[in-house]
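Observations on chain architecture
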Amino acid sequence: MTAELICVGTELLLGNILNTNAAFISEKCAMLGLSMYYQSVVGDNQGRLEELLNTARHRSDVIILCGGLGPTQDDLTKETAAKVMGKPLTEDAQAHKDIEEFMARRGRSITENNWKQAMVPEGCKVLYNPNGTAPGIIMEEGGTCVILLPGPPNELVPMFEEQVCPYLQDRQPDIICSKMVKLCGIGESSAETKIIDLIEQQTNPTVAPYAKTGEVHLRITAKAESEEEAYRMIVPVEEELQKRFGSLIYTDDPQVTLEMAVHELLKKHNLTVTTAESCTGGLVAGRLINVPGISAYLREGYITYSNEAKEKLLGVLPETLRLHGAVSPQTAEEMAAGGAKAAGADLCIAVTGIAGPDGGTEEKPVGLVYMSCYCRGKLYTEKNQYTGSRSKIREYSVASALTLLRKAILSTFGEVDVCG
């Protein structure tokens, strides 16, 4: 089946909010085996939305709309979709009751326009919403399926996962199953080069690379008559990826993050860690603190933005800073060794760089970042050159720091030689 996504809201066109719903729905549709060829964003205008829906009906099997289901006059998605599909609106008793109970739980009074959300197209499937007042809607007519979802992600995401996914899966003649393999320490182009033969020859299962910040995710997707058969088809492909990427794979669990993988290594080898950060300003420690239970292994973190702080807290030598500068491999290594010593930790990951937009030179441009990891007497140091905004450079630096921390542990304890 083909799918089409229409996101409704003038605030999206103005850039007032980030359209995270589009990324979420696109990924979920891909996992369900739906081919999405068109995505649109339209403002709160009935005429333009009606025109777009009429176009979508002639080219897509499933049309998903998100946003515009609220109680105000500019929330026109449901009314417009019902008009296009030739469905009159009628009140749904359960939706009416749900609105009453939802507002009562929050101690809020109900205004007359709230009841607009209890009106649904005749004969539709109603997707009741425990997280808000706007129910979702599924309409079918002439082989076309139109799905309306509320805009707030905390309402849309559970509704899609719990109600829309099973519905779409039932419409598919085959079962679609996916497995995610996550890599760190390699770029998307290099990862694709290693598996280009698999991509060019693939039919079923398929392998697709996805670039993330500082990571690459490889999704293996198989289509079969049963879930068991689909996963059996995935196994040999995953084994081949394991052979080709080895220790660059940090997990095949979609719920596991890079910081969680680092935490597991700290637990396995009973290691303590600290952070020494300049340009990242505590973001590396923040990523580690995302993981429950990290307090048993993370000693403390140092934010040493100034040269004076590097000297005072980490013991970086004044002559090192004078001869090589704050952004240098020498400084990064002294930060790492000094941080480990100061905290009494087994490891210390240190980051120093130029996040910009100012401060760069021809010799040391904006985006130059050195990082070093001290691990039980050994130092592992890397140079990175990033591009983009200040925030993007810092984000990539954090991902690279966690990757280096992981590589240092693997190399130190002989699991694999992944550091130069």
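We now turn to the structure provided with this report. (Residues numbered from 1 in each chain as written. Predicted model: local features only at pLDDT ≥ 70, side-chain atom pairs only at ≥ 80, totals over all residues. Heavy atoms only, no water.)

1. Describing the nonpolar core
Rule in force here: As used here, the term nonpolar core means buried Ala, Val, Leu, Ile, Met, Phe, Trp, Tyr and Cys residues forming a set that is joined through side-chain atoms within 4.5 Å. Three labels apply to residues, based on accessible area from a 1.4 Å probe with only protein chains included: buried if under 20% of the type maximum, exposed if over 50%, partly exposed otherwise in between. Every helix listed is a DSSP run of H or I at least four residues long, and every strand listed is a run of E at least two residues long, numbered separately from the N terminus. Contact definition: two residues touch when any of their heavy atoms are within 4.5 Å.
Judged by nonpolar contacts, the single largest core of 35 residues is most densely connected at L266 and L347. Listed by contribution, the elements that provide at least two residues to this core are α10 (258–269), α11 (283–289), β15 (347–353), β16 (368–375) and α15 (390–412). Sorting elements by how many residues they give to this core places α15 first, with 9 residues. Setting aside its immediate chain neighbours within four residues, L347 contacts L266, L271, T272, V273, T274, A340, C373, Y374, C375, L405 and I409.

2. Concerning the pairing of strand β14 (residues 298–303)
The criterion, for reference: Pairing between two strands requires that DSSP report at least two bridges joining them. Crossovers are described as right-handed under a simple rule: with the strands pointing away from the observer, the path leading from the first strand over the helix to the second runs clockwise.
In this structure, strand β13 (residues 273–277) lies alongside β14, joined through 4 bridges in parallel fashion. Within β14, the residue paired with A276 across the bridge is Y302. Crossover β13 to β14 through α11 is right-handed.

3. Here's the deal with the environment of E51
By the secondary structure assignment, E51 is in helix α3 (residues 46–57). Classification of E51 as exposed rests on a relative accessible area of 56%.

4. Digging into helix α9 (residues 227–245)
The test is simple: By this rule the span expected of a helix is its residue count minus one, scaled by 1.5 Å.
For α9, spanning 19 residues, the distance from its first C-alpha to its last is 26 Å, which sits close to the expected 27 Å at 1.5 Å a residue. Of the positions making up α9, those classed as buried are A230, M233, I234, V237, E238, L241 and F245. Buried-residue contacts for α9 involve β9 (175–184), α7 (188–194), α8 (196–201), β10 (206–212), β11 (215–224) and β12 (249–251). G246 occupies a position one or two residues after α9 and carries a positive phi of about 50 degrees.

5. Quick notes on the packing of aromatic side chains
Put simply, the rule is: A pair of aromatic rings is counted whenever rings of Phe, Tyr or Trp (Trp by its six-membered ring) have centres within 6.5 Å, and the orientation is called stacked for planes under 30 degrees apart, edge-to-face for over 60 and tilted otherwise.
Tallied over the full model, the rule gives 2 aromatic pairs. When the centroid spacing of 5.8 Å and the interplanar angle of 80 degrees are considered together, the rings of F24 and F160 count as edge-to-face. Separated by 136 residues along the polypeptide, F24 in helix α2 (residues 20–31) and F160 in helix α6 (residues 153–171) bring together distant segments of the chain. F160 gets classed as buried once you look at its relative accessible area, which sits at 0%.

6. Some details on helix α14 (residues 329–343)
Think of an α-helix as turning once every 3.6 residues; residues three or four places apart then point the same way. The terminal C-alpha atoms of α14 lie 21 Å apart, and with 15 residues this matches the ideal 21 Å at 1.5 Å per residue to within 8%. Within α14, burial applies to T331, A332, M335, A336, G338, G339, A340 and A343. Following α14 by one or two positions, G344 adopts a phi angle in the positive range, close to 65 degrees.

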